[in-house]
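Understanding the architecture of this molecule
So you can see what is in the structure, the chains are spelled out below.
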Amino acid sequence: MTLARALLLLCVVGVAKADQTKCFSAAGKQGPCGPDRQLCGPNFGATAPQYHIHSGTCSMNDPNGPVYDPVYGFYHMFYQDHLAIPNDGAGRGPVYGHAVSRDLTMWARLPVAIWNDRPYDSAAIFTGSATVVNGKVMQIYPGICDKKQWDNCVTGTNFNLAVPADPDNDPLYHNWTKYWGNPIVNNTQRDPSTAWQTPYGEWRLTSYDTTTYGSKDFKSWYVVGKNSDFPQGECPSFFPFPRVVDKVKDPPNVRFPTHVHKASIEGKDWMQVGTWSDGKPGETGSFAPTPSFDFNRQIIDSGNFYASKDLYDPLQQRRINYGWARVSPGSTLSLPREILWSQKMKQLLYVPLREQEALRKDIIVSFKDKQVEGFFATGNNKQLKQAESNVIFEIPKTPGTLGIVAFAGSSPTSTDGIFFYVNITRATLACMLGPEDALCNATVGAVGKSLNFTDVLKLSAGDKTLSFRIFTDQTFAECYWQGGRVAMTANNPQQLDKATVGENLAIRAEFKEGVLVQEMNVWSVSRIWVSPKHVLNTPRPK
């Protein structure tokens, strides 16, 4: 994360506050931010997102170091929390916020895990990553130094190691301690990735400027060199190729890519797949195209989404990605998305976790086989602002645009809400008349007042339906087309005006003959926040 981008948060999210050095205690006493005072103000309350991870009282941005702890069986999420110890004017933030869960559905907020409390990180704690080393969780984070407090502060950034302070007696890891030998590398660039171990026994990680670092013991690190095969970008990640779905019969001897590289570039997040060869000690390794696979980078989410981080879940043997949802108030994290590879569609998928279904409550809307033409509102209901909607359309036989309006008004002329759509063109329809394995393109997007995001949805000639899965959470929504072929996050531009925010969910079908809605189901969704004691007492899955 760059300091400039952190400051730009004020522009991206209308009501977000800058990093704070004056905070409140739980008793409401104000003073310098620190372990005894880490509330930025009142809780955002019931009109803020309820089932996405957020700080509660402070602005936030990037997810940091998500990890599954194999010792106690908890999932940990850290994030850029916008407060800081003042440190005689050096402290500007952010620091490492912390939340914990047993099941990836119910979460508890914990105290700030890593403060800017050493001379080498007195200004801020930027985006770091977690690695499980010999069964134990370790965090490598970039400390932002101040030349007045750290003489060797040339680039302004250094890498540091932090571990749970009392792992034998604190299973939730409330408190963290910093390695006595920090910085483990001085005068670096920012954003260290999760580390991986090579066949030669060497630990490796990459960073924003594509520099590869190596270590034999995870404490003493050294520069291996820059890797020109990686694109330069913020919050890089590098991990093995994910689980394959939608399997089809490929020609003999087809080899899949081995790895995925992720980077945040020019305000968006991207992944690319390729074949990796580990470098020998002193060599960086190579990342190259895999025959018959596209080596171009693919966008993860073209909406209000950035700086994503992933973790490996050994319980379900899956890769999970979280992004910074740049939404009001103060930002949240996106829903967790499993990363998959669709062999049929030849692309990565981003799919909400199965655990998300455990948060469903009441069924609000449910019907089948309804012909819709123009605008159809399902009815005003406050629960629709905190809901999950699954809608399946039959693919029309003529060109036109169809979709779902979240936070909609009640009338066809209303401009409220976010319209998540698919545009079916004559070219799309002609392509879908071809062989069943033909891949066709359709434009999808999200539009609203001062909002216009677009992406390309791949359709197979064998597809007979179009599916939308939309999660509305008070101030914004996430939409997933065709089981995660496209994912998009959109802040509701009207959410600050409580008098005009729609409390409806509508279908819009701009076709002369209308469209058939094969099925529509909408559930209200529970909030995710519980106490640390609740998380601690939740049984560990067997």
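It should be noted that the structure appears before, not after, this text.
Let me sum up the structure you'll find in this document. (Residues numbered from 1 in each chain as written. Predicted model: local features only at pLDDT ≥ 70, side-chain atom pairs only at ≥ 80, totals over all residues. Heavy atoms only, no water.)

1. Points about the nonpolar core
With 43 residues, the main nonpolar core has F393, F420, V422, L466, F468, W481 and M520 as its most contacted residues. Those residues within four positions of W481 in sequence are excluded, and the remaining contacts are F420, Y421, V422, V444, G445, L457, S467, F468, V486 and M488. Within the second largest apolar cluster, 35 residues are counted, among which are Y75, L359, F471 and I528. (Core = buried A, V, L, I, M, F, W, Y, C linked by side-chain atoms within 4.5 Å. Buried < 20%, exposed > 50% of the residue type's maximum accessible area, 1.4 Å probe, protein only. Contact = heavy atoms within 4.5 Å.)

2. Structural notes on the environment of T475
Mapped onto the elements, T475 comes out in the loop between strand 34 (465-473) and strand 35 (476-481). Taking the C-alpha atoms as reference points, T475 and F305, 170 residues apart in sequence, are found 14 Å from one another. (Helix = DSSP H or I, 4+ residues; strand = E, 2+ residues; numbered from the N terminus.)

3. A look at the sheet that holds strand 5 (residues 95-101)
The sheet built from four strands is open, its strands ordered 3-4-5-6 with antiparallel pairing. Strands at the two margins of the open sheet, each flanked by one partner only, are strand 3 (60-69) and strand 6 (107-114). Direction aside, neighbouring strands of the sheet carry axes that sit 25° apart on average. Where strand 5 and strand 6 come together, five bridges link them in antiparallel fashion. Of the residues in strand 6, the one forming a bridge with A99 is R109. (Pairing = 2+ DSSP bridges. Axes fitted to C-alpha atoms, helices over the stretch in contact; angles between N-to-C directions.)

4. Details of the pairing of strand 25 (residues 337-342)
Consecutive side chains of a regular strand alternate in pointing toward one face of the sheet and then the other. Of all the six residues making up strand 25, six are buried; the element is thus mostly covered by neighbouring parts of the structure. Judged by which residues are buried, strand 25 turns out to be covered on both faces: R337, I339 and W341 on one side and E338, L340 and S342 on the other are all buried. Where strand 17 (residues 244-245) and strand 25 come together, two bridges link them in parallel fashion. Note that in strand 25 the partner of V244 across the bridge is W341. Here strand 23 (residues 318-325) runs beside strand 25; their pairing, made up of three bridges, is antiparallel. From the neighbouring strand, I320 faces strand 25, where its bridge partner is E338. Both strand 25 and strand 26 (residues 347-352) contribute to a ladder of six bridges, which runs antiparallel. Among the inter-strand pairings, R337 is bridged to a residue of strand 26, identified as P352.

5. What about the side chain of R326?
Assignment of secondary structure puts R326 in the loop between strand 23 and strand 24 (332-333). No salt bridge is formed by the buried R326, whose closest oppositely charged neighbour, D269, lies at an N-O distance of 7.7 Å. A polar atom in the side chain of R326 sits 3.5 Å from the backbone oxygen of G267. (Lys, Arg positive; Asp, Glu negative; His and termini not counted. Salt bridge = Lys/Arg side-chain N within 4 Å of Asp/Glu carboxyl O. Polar contact = N/O pair within 3.5 Å; in protein donor to acceptor, adjacent residues only side chain to side chain.)

6. Examining empty space enclosed by the protein
Counting across every chain of the model gives two cavities of 30 Å³ or more. Within this model, the largest cavity holds a volume of roughly 90 Å³. Around the largest cavity sit 13 residues that line it, and Y51, L104, W107, P336 and I528 are the ones nearest its centre. In terms of residue class, the lining of the largest cavity is made up of nine nonpolar, four polar and no charged. There is about 30 Å³ of room inside the second largest cavity. Lining the second largest cavity are P231, H261, K262, A263, I265, W270, M271, Q272 and R297. Contributions of two or more residues to the lining of the second largest cavity are made by strand 18 (259-265) and strand 19 (268-277). Per-element accounting of the lining of the second largest cavity gives the leading share, four residues, to strand 18. (1 Å grid on protein atoms, 1.4 Å probe; cavity = no way out; pocket = protein on both sides within 12 Å on 5 of 7 lines; lining within 4 Å. Points joined across faces, edges and corners; volume = space filled by probe spheres on them. Nonpolar A, V, L, I, M, F, W, Y, C, P; charged D, E, K, R; others polar.)

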